[in-house]
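# Residue-level structural notes
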Amino acid sequence: CQLVPRTRPSWTTTVRRVVVAVLALVLLWVISVPVRVWWDARGEDHRPSDAIIVLGAAQYNGRPSPVLEARLRKALSLWEEGVADAIVTVGGGAAGDVTTEAEAGRDWLTGNGVPADSVVAVASGNNTQTSLDAVGATFEANGWETAILVTDPWHTFRAKAMARSSGIDPVSAPARSGPDVQTREAQARYILRESLAYYRWRLTGESGSGGLDAF
């Protein structure tokens, strides 16, 4: 019985296989992101942490918008539960604003029973990443590491990734009320938007332009 010599794949065949494998991995990553956005939106983690971070949203001359108020109410309930001693409110202001998102959040919390020395307003940044970078500096200055992120469910996956890039070890407890989480159509729209924003951030490092930042 004669052994038939095994032929090696040609160079073009090897390249083709590598290309197919790379494309398959890219496709898997693209498909996995909306799934991870959806999965993290369903999570809820109340583990003891150094601080609760409330990501900003619109405010009107110091009055939180319904989206921001929903996040603040969630943070208040977590603080009352005792999961952290400090709450960090986040967000700068737009041109012409008399106050910032962080200050509006701080004032709402102190007006609802949280002691002023338990709230830190980080009034910096105009999107999720720049604001979390500022929060990361505040965490470093205070010797903090762990946080519970409070934002909308669909924003949770990307916000946690950005927090980690800013030196924060996050879990999340999303706000499950407010206009962004009410209908299936809104949910599908936000999952798509968050997925596109995450792709852009990972591929370019940019956040917030083109209307893709959910902050």
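Up top is the structure.
Each helix and strand in the protein chain was counted, giving 6 helices and 7 strands. Along the protein chain, from the amino end to the carboxyl end, the secondary structure elements read α-β-β-β-α-β-α-β-α-β-α-β-α. Counting the 215 residues in the protein chain, one finds 46% classified as buried. Pairs at least 24 apart in sequence give 71% of the contacts found in the protein chain among residues at least 6 apart.

The next thing to look at is the nonpolar core. Ranked by size, the top nonpolar core spans 30 residues in total, and within it Ile-53, Val-88, Leu-132, Val-135, Phe-139 and Ile-168 carry the most contacts. A per-element tally of this core places helix H6 (residues 184–204) first, with 6 residues. Other than its neighbours up to four places away in sequence, Ile-53 contacts Val-88, Val-90, Leu-132, Val-135, Phe-139, Ala-147, Ile-148, Leu-149, Val-150 and Ile-168. One finds Leu-72, Ile-87, Val-114 and Val-171 within the second-largest nonpolar core, a separate group that totals 20 residues.

Before going further, it helps to spend a moment on the pattern of salt bridges. Tallied over the full model, the rule gives 8 salt bridges. Between Arg-47 and Asp-45 there is a salt bridge, and its shortest N-O distance comes to 2.6 Å. Overall, the relative accessible area of 46% leaves Arg-47 in the partly exposed class. You can call Asp-45 partly exposed: its relative accessible area is 21%. Between Arg-73 and Glu-69 there is a salt bridge whose closest N-O contact spans 2.7 Å. Here the residue Arg-73 and the residue Glu-69 both occupy positions in helix H2 (residues 66–81), the gap between them amounting to 4 residues, near one helical turn. Exposure remark for Arg-73: the relative accessible area of 48% places this residue in the partly exposed category. Judged by its relative accessible area of 24%, Glu-69 is partly exposed.

This brings us to the packing of helix H1 (residues 11–42) against helix H5 (residues 156–165). Interaxial distance between H1 and H5 falls to 7 Å at its minimum, and their mutual angle equals 95 degrees. One element, H1, and the other, H5, form an angle in the roughly perpendicular class. Between H1 and H5, the residues in contact are Val-33, Arg-36, Val-37 and Asp-40 and Thr-156, Phe-157 and Lys-160, respectively. Across the contact of H1 with H5, the residue classes tally to 3 nonpolar, 1 polar and 3 charged.

About the thresholds
Residues numbered from 1 in each chain as written. Predicted model: local features only at pLDDT ≥ 70, side-chain atom pairs only at ≥ 80, totals over all residues. Heavy atoms only, no water. Helix = DSSP H or I, 4+ residues; strand = E, 2+ residues; numbered from the N terminus. Buried < 20%, exposed > 50% of the residue type's maximum accessible area, 1.4 Å probe, protein only. Contact = heavy atoms within 4.5 Å. Core = buried A, V, L, I, M, F, W, Y, C linked by side-chain atoms within 4.5 Å. Salt bridge = Lys/Arg side-chain N within 4 Å of Asp/Glu carboxyl O. Axes fitted to C-alpha atoms, helices over the stretch in contact; angles between N-to-C directions. Parallel < 35°, antiparallel > 145°, perpendicular 65-115°, else oblique. Nonpolar A, V, L, I, M, F, W, Y, C, P; charged D, E, K, R; others polar.

Honestly, it's all geometry; don't read function into it.
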